[in-house]
Amino acid sequence: MAADIIKGEKNNPDIVLEMCTHIKKSAKHSLRIIGELLASAELESGEFQLKFSKFDLGILLKEIVENHILPARRKGQTLQLSVVNEFDIEADKGKLEEIIDNLISNAIKFSPEKKQIKINLYEKEGMAVLEVKDEGPGFSKAEKTKLFKRFSKLSARPTGGEISTGLGLFVVKCLVEAHNGSIQAKSDGQNKGAIFTVELPLKEKTTKTDIEM
């Protein structure tokens, strides 16, 4: 439909730009849905394999956060990143990127406008701990039991018209556990925000940076 409008309004640059933006947004949504469906099928079959390599988790986290600055700004949100330690790790970089990307995307997606999202990375008892804390709708105790189930959707809805498949957290949990890690979710109740915490067995280096974006 957007393509047809462009064909009919090709001499109107404002409408063409608006429709191109709409097409791009829809394509991104479709790509995410397809990606989550493929990942879910791969995990369910048990045939997926992790490709391990050595990299710095702190650097990867910063890169992912930078990629989410623009979507957050569109909703007037602020991303605050705190990396207490840098980590040289051996893991599947692409899969960890999927995990982090999904958690930050969800925080942006479900948080209202002009809210703050805090992303923290630190070491605790030999584990690397990643926290993503938002000021969104949170969830009830009853909903918490559904969080990581396949195709599970809660009462909360995206605040900017984004699409949710109900597969993201299911995939995240499977990928975290494949790395011998764990994921937990905490909320004090509806409209009180949420904290998602991922723990992975990693080695740390001693540096500290605090960045607000």
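Everything here concerns the structure above.
This is a predicted model, so every value here is computed, not measured.

Engineer: I'm lost on the environment of G58 in this one. Help?
Structural biologist: Within the secondary structure, G58 sits in helix α3 (residues 57-67). Considering only alpha carbons, one finds G58 and V84, 26 residues apart in sequence, at a separation of 9.0 Å. When near neighbours in sequence (up to four residues on either side) are disregarded, G58 contacts V83, F87 and L121.

Engineer: Help me out: how do you make sense of the side chain of D92 in this one?
Structural biologist: Mapped onto the secondary structure, D92 falls in strand β3 (residues 86-92). Among buried charged residues, D92 stands out as having no salt bridge; its nearest opposite-charge side chain is K95, 5.6 Å away. Reaching out from D92, the side chain makes a polar contact with the backbone nitrogen of K95 at a distance of 3.1 Å. Excluding residues that lie within four positions of it along the chain, D92 makes contacts with Q49, L50, K51, F52, F55 and H179.

Engineer: What's the story with the packing of α3 against helix α5 (residues 93-110) in this structure? I'm lost.
Structural biologist: Two numbers describe a pair of packed helices, the interaxial angle and the distance between the axes. Put simply, α3 and α5 touch, their axes get as near as 10 Å, and they point 45° apart. If you check the angle between α3 and α5, you find them oblique. The handedness of the crossing between α3 and α5 comes out as right-handed. On the side of α3, the interface is formed by L57, L60, L61, I64 and V65, while α5 contributes K93, L96, E97, I100, D101 and I104. Here the residues of the contact of α3 with α5 are counted per class, giving eight nonpolar, no polar and three charged.

Engineer: Would you mind going over unusual backbone geometry with me for this structure?
Structural biologist: What you tend to see is this: most non-glycine residues have negative phi, and most peptide bonds are trans. Despite not being glycine, K114 has its phi angle at roughly 65°, a positive value. Tracing the backbone shows K114 in the loop between α5 and β4 (116-124). Of note in the backbone geometry, E125 takes a positive phi value of approximately 50° without being a glycine. Mapped onto the fold, E125 is located in the loop between β4 and β5 (127-134).

Engineer: What is the right way to read the packing of aromatic side chains from this model?
Structural biologist: Here the distance between the centres and the angle between the planes together describe a pair of aromatic rings. One pass over the structure, following the stated rule, counts two aromatic pairs. Measuring from centroid to centroid gives 6.5 Å for F139 and F196, while their planes differ by 55°, and the two rings are tilted. Here F139 is found in the loop between β5 and α6 (141-144), whereas its partner F196 is found in strand β7 (residues 194-201), with 57 residues between them in sequence. Residue class for F139 comes out buried when judged on its relative accessible area of 4%. Judged by centre distance (6.5 Å) and plane angle (85°), the ring pair of F148 and F196 falls under edge-to-face. In this pair, F148 sits in the loop between α6 and α7 (168-178) while F196 sits in strand β7, placing the two residues 48 residues apart along the sequence. Classification of F148 as buried rests on a relative accessible area of 17%. Among the residues examined, F196 registers a relative accessible area of 11% and is labelled buried. Among the aromatic residues, those joined into a ring-pair cluster are F139, F148 and F196.

Rules behind the numbers
- Residues numbered from 1 in each chain as written.
- Predicted model: local features only at pLDDT ≥ 70, side-chain atom pairs only at ≥ 80, totals over all residues.
- Heavy atoms only, no water.
- Helix = DSSP H or I, 4+ residues; strand = E, 2+ residues; numbered from the N terminus.
- Contact = heavy atoms within 4.5 Å.
- Buried < 20%, exposed > 50% of the residue type's maximum accessible area, 1.4 Å probe, protein only.
- Lys, Arg positive; Asp, Glu negative; His and termini not counted.
- Salt bridge = Lys/Arg side-chain N within 4 Å of Asp/Glu carboxyl O.
- Polar contact = N/O pair within 3.5 Å; in protein donor to acceptor, adjacent residues only side chain to side chain.
- Axes fitted to C-alpha atoms, helices over the stretch in contact; angles between N-to-C directions.
- Parallel < 35°, antiparallel > 145°, perpendicular 65-115°, else oblique.
- Left-handed = near helix turned anticlockwise from the far one by under 90°.
- Nonpolar A, V, L, I, M, F, W, Y, C, P; charged D, E, K, R; others polar.
- Phe/Tyr/Trp six-rings, centres within 6.5 Å; stacked < 30°, edge-to-face > 60°.

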